[in-house]
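The primary structure of each chain is shown beneath.
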Amino acid sequence: MGINEIIEISKPRIVVLLVITAVTSMYAASKLVSGTPQLEYLDYLHIVVAGGLASAGSSALNHYYDRDIDPKMSRTSSRPIPSGRMAASNVLLYGLVVSCISVIYGFFLLNAVSALFIAIGIFSYVIIYTVWLKRRNTSNIVIGGIAGSAAAWAGWAAATGSMDLLGFLVGFLVFVWTPSHFWCLA
């Protein structure tokens, strides 16, 4: 197991997208919600770390769960587990540990509300999208958009320590954007 495989199972393009979503939402909340304290660079670093770990851990768990179908598709057959470059148990362990660290990190270095939304993002991507819907329902990408919404909500809550209607709507906008964006690419 090398660094290239760890990077691959972490899906860095998704990590970047979700971290940008969280940081942007955090910045917007700091400017739009009166009484929000001035954010420091360290505050942004904390949402980047917590969000990046959450996304990487969730992605690894997605790789682990799809280990039975990935060898059957040419697009996914060269991924680390089906190609034999990583043991499935190592991917599972990495995904669980990194996901747990992200929530704990968010709880102690951001706040409890932000950590809750980080956990919701992990749960919605791993359990709702990957395990429950991906193989059973063609609307999986629609409902799977909750994970992106959770990144926006985590960022908003990181700045404000709470969730209000405007913060919810920012996340909802991501939810509405996700399927249309995916369908255009498809």
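Structure first, text after, so check above.
These numbers come from a predicted model, not from an experiment.

What counts and how
- Residues numbered from 1 in each chain as written.
- Predicted model: local features only at pLDDT ≥ 70, side-chain atom pairs only at ≥ 80, totals over all residues.
- Heavy atoms only, no water.
- Helix = DSSP H or I, 4+ residues; strand = E, 2+ residues; numbered from the N terminus.
- Expected span 1.5 Å × (residues − 1).
- Buried < 20%, exposed > 50% of the residue type's maximum accessible area, 1.4 Å probe, protein only.
- Core = buried A, V, L, I, M, F, W, Y, C linked by side-chain atoms within 4.5 Å.
- Contact = heavy atoms within 4.5 Å.
- Patch = residues over 30% accessible without salt bridge, like charges linked within 9 Å, V, L, I, M, F, W, Y side chains within 5 Å.
- Areas by Shrake-Rupley, 256 points an atom, 1.4 Å probe, with all protein chains shown as cover.
- Salt bridge = Lys/Arg side-chain N within 4 Å of Asp/Glu carboxyl O.
- Axes fitted to C-alpha atoms, helices over the stretch in contact; angles between N-to-C directions.
- Parallel < 35°, antiparallel > 145°, perpendicular 65-115°, else oblique.
- Nonpolar A, V, L, I, M, F, W, Y, C, P; charged D, E, K, R; others polar.
- Left-handed = near helix turned anticlockwise from the far one by under 90°.
- Arc of directions from axis to C-beta.

**Observations regarding helix H7 (residues 146-160)**
One turn of the α-helix equals 3.6 residues, which is why residues spaced by three or four share an orientation.
No. 1: Taking 1.5 Å of rise per residue, the 15 residues of H7 would be expected to cover 21 Å, and the 20 Å separating its terminal C-alpha atoms lies within 8% of that figure.
No. 2: With respect to burial, H7 is a largely interior element, 13 of its 15 residues being buried.

**Section: the nonpolar core**
For soluble globular proteins, the rule of thumb is that nonpolar side chains tend to be buried together.
No. 1: Of all hydrophobic cores here, the largest spans 26 residues; its most connected members are Met26, Ile47, Leu110 and Ile118.
No. 2: Listed by contribution, the elements that provide at least two residues to this core are helix H2 (12-32), helix H3 (41-65), helix H5 (112-133) and H7.
No. 3: Considering every element that reaches this core, the biggest residue donor is H7, with nine residues.
No. 4: Beyond its immediate chain neighbours, meaning those up to four positions away, Leu110 contacts Asp43, His46, Ile47, Ala50, Tyr105, Ile118 and Ala158.
No. 5: Core analysis: the next-biggest nonpolar cluster, separate from the first, contains five residues, Ile9, Ala60, Ile81 and Met86 among them.

**Here we look at a nonpolar patch on the surface**
No. 1: Together, Leu165, Phe168, Leu169, Phe172 and Val176 line one region of the surface with nonpolar side chains, adding up to about 470 Å² of accessible area.
No. 2: Looking at the secondary structure, you find Phe172 in helix H8 (residues 165-185).
No. 3: Given a relative accessible area of 39%, Phe172 falls into the partly exposed group.

**Observations regarding the packing of helix H1 (residues 3-10) against H3**
No. 1: With their axes 7 Å apart at the nearest point, H1 and H3 run at an angle of 90 degrees to one another. Comparing the axis directions of H1 and H3 gives the class roughly perpendicular. On H3, the residues that touch Glu8, Ile9 and Ser10 of H1 are Ser55, Ala56, Ser59, Ala60 and His63.
No. 2: Looking at the contact of H1 with H3, its residues break down into three nonpolar, four polar and one charged.

**Focus on the packing of H2 against H7**
No. 1: Look at H2 against H7: their axes get within 7 Å of each other, and the N-to-C directions meet at 40 degrees. Seen from above, H2 lies across H7 with right-handed handedness. From H2, Leu18, Thr21, Ala22, Ser25, Met26, Ala28, Ala29, Ser30 and Leu32 reach across to H7, where they touch Ala147, Gly148, Ala151, Ala152, Gly155, Trp156, Ala158, Ala159 and Thr160.
No. 2: Looking at side-chain class alone, the contact of H2 with H7 contains 12 nonpolar, six polar and no charged residues.

**Description of H1**
No. 1: By the burial criterion, the buried members of H1 are Glu5, Ile9 and Ser10. Seen from one end, H1 has its buried residues packed into an arc of 135 degrees, which puts them on one side. Exposed and oriented more than 90 degrees from the buried face of H1 are Ile3 and Asn4.
No. 2: On its buried face, H1 sits against H2, H3 and helix H4 (88-109).
No. 3: Immediately downstream of H1, the backbone of Lys11 shows phi near 50 degrees, a positive value.

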